Amino acid sequence: MSDLEKKKFPIGPFEVPENICDITLDTYIKVIKDFPGRLKNLIEHFTDDQLDTPYREGGWTVRQLINHLSDSHMNSFIRFKLALTEDNPTIKPYNEAKWAELQDSFHMPVKPAMRMLKGTHQRWVVLLKSLTNKQFERTFHHPEHQKNYNLRESLALYVWHCDHHFAHIENLKIEKGW
């Protein structure tokens with residue numbers, strides 16, 4: 001893996017686990033529960049200059065990453081609710097890169113995004129803890145990928161997503177000696 005690939009995928013690319021048992025689901029739910037606090041602890045003393053530093057050359061700034069996490073996780077939470085209330089709904093994809101360039105992602109303080117992330121994760125955890133094994137098998141259709149995803153796979157992806165972007169920020173912090 002090249003240095004650029006290591007910076008892009010510090011924990012490696014996402015791979016769908018073969019078997020996601022109940023114990024693994026509990027672990028995943030804990031990651032979702034703890035993530036906003038972990039992220040807050042990581043960035044709470046960052047200055048605006050630090051928040052406006054890209055995690056890699058040509059990459060998003062820390063500020064954009066945090067806003068992206070809020071946007072992405074709200075979308076995922078909604079996808080879960082759609083899958084639980086509709087029969088294999090087709091979800092609405094969005095252009096993450098273009099969203100990250102909008103003014104609310106690029107210039108705003110991160111506090112509102114952090115509050116949104118915390119609230120989304122609190123609600124998500126309550127929902128996740130209430131699901132039966134049968135409900136975790138419910139699906140949604142992703143039109144860009146032309147694939148159906150069940151909620152177990154989707155949860156695994158978002159646990160990876162938490163760790164993936166956390167590693168981007170943590171590695172930058174270590175690299176810069178912050």
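Let me begin by describing the structure that accompanies this report. Treat the numbers as computed from the prediction; the structure is a model and nothing was measured.

### Observations regarding the side chain of Thr 120
Structurally, the position occupied by Thr 120 is in helix H7 (residues 111-130). Leave out the neighbours within four places in its chain, and Thr 120 touches His 73, Met 74 and Phe 77.

### Structural notes on a positive patch on the surface
Residues Lys 40, Lys 111, Arg 115 and Lys 118 make up a contiguous surface patch of positive charge. Sorting elements by how many residues they give to the positive patch places H7 first, with three residues. Relative to the elements of secondary structure, Lys 40 occurs in helix H2 (residues 22-43).

### Re the packing of H2 against helix H9 (residues 151-176)
Here H2 crosses H9 at 30°, and the two axes come no closer than 10 Å. With respect to each other, H2 and H9 are oriented roughly parallel. For the pair H2 and H9, the sense of crossing is left-handed. Contacts between H2 and H9 involve Asp 22, Leu 25, Tyr 28, Ile 29, Val 31, Ile 32, Phe 35, Arg 38, Leu 39, Leu 42 and Ile 43 on the former and, on the latter, Arg 152, Leu 155, Ala 156, Tyr 158, Val 159, Cys 162, Asp 163, Phe 166, Ile 169, Glu 170 and Lys 173.

### A closer look at unusual backbone geometry
Negative phi is the rule for most residues except glycine; trans is the rule for most peptide bonds. Notably, Asn 88 is not glycine yet its phi reads approximately 45°, a positive angle. Structurally, Asn 88 is set in the loop between helix H4 (62-85) and helix H5 (96-101). When its relative accessible area of 25% is taken as the criterion, Asn 88 is described as partly exposed. In this structure, Gln 146 takes a positive phi of about 50° despite not being glycine. Along the chain, the position of Gln 146 falls in the loop between strand E1 (139-142) and strand E2 (147-150). Relative accessible area serves as the criterion here: at 59%, Gln 146 is assigned to the exposed category.

Criteria and cut-off values
- Residue numbers here run from 1 along each chain, matching the order of that chain's written sequence.
- pLDDT decides what is reported in this predicted model: residues at 70 or higher carry local features, side-chain atom pairs at 80 or more are listed and counted, and totals for whole chains, interfaces and linings draw on all residues regardless.
- The basis for the side-chain values is all heavy atoms of the structure; hydrogens and waters are excluded.
- Numbering of helices and strands runs from the N terminus; a helix is a DSSP stretch of H or I covering at least four residues, while a strand is a stretch of E covering at least two.
- In what follows, residue pairs with any heavy atoms lying within 4.5 Å of each other are defined as contacts.
- Patch membership requires more than 30% relative accessible area and the absence of a salt bridge. Residues of like charge join within 9 Å; the nonpolar side chains Val, Leu, Ile, Met, Phe, Trp and Tyr join within 5 Å.
- The method behind every accessible area is Shrake-Rupley, applied with a 1.4 Å probe, and residues are considered shielded solely by the protein chains displayed.
- For this analysis, a salt bridge means a side-chain nitrogen from Lys or Arg found within 4 Å of a carboxyl oxygen belonging to Asp or Glu.
- In this tally, Asp and Glu contribute negative charge and Lys and Arg positive charge; neither His nor the terminal groups of the chain are included.
- Charge placement uses NZ in Lys and CZ in Arg. For Asp and Glu, CG and CD serve respectively.
- Angles run from 0 to 180 degrees between N-to-C directions of axes, and those axes are lines fitted to C-alpha atoms, restricted for helices to the stretch in contact.
- Convention used here: angles under 35 degrees read as roughly parallel, angles over 145 as roughly antiparallel, angles from 65 to 115 as roughly perpendicular, and any remaining angle as oblique.
- Two helices crossing with the near one rotated counterclockwise from the far one by less than a right angle form a left-handed crossing, whereas a clockwise rotation gives a right-handed crossing.
- Between buried and exposed lies partly exposed: a residue is buried under 20% and exposed over 50% of the maximum accessible area for its type, with that area taken using a 1.4 Å probe on protein chains only.

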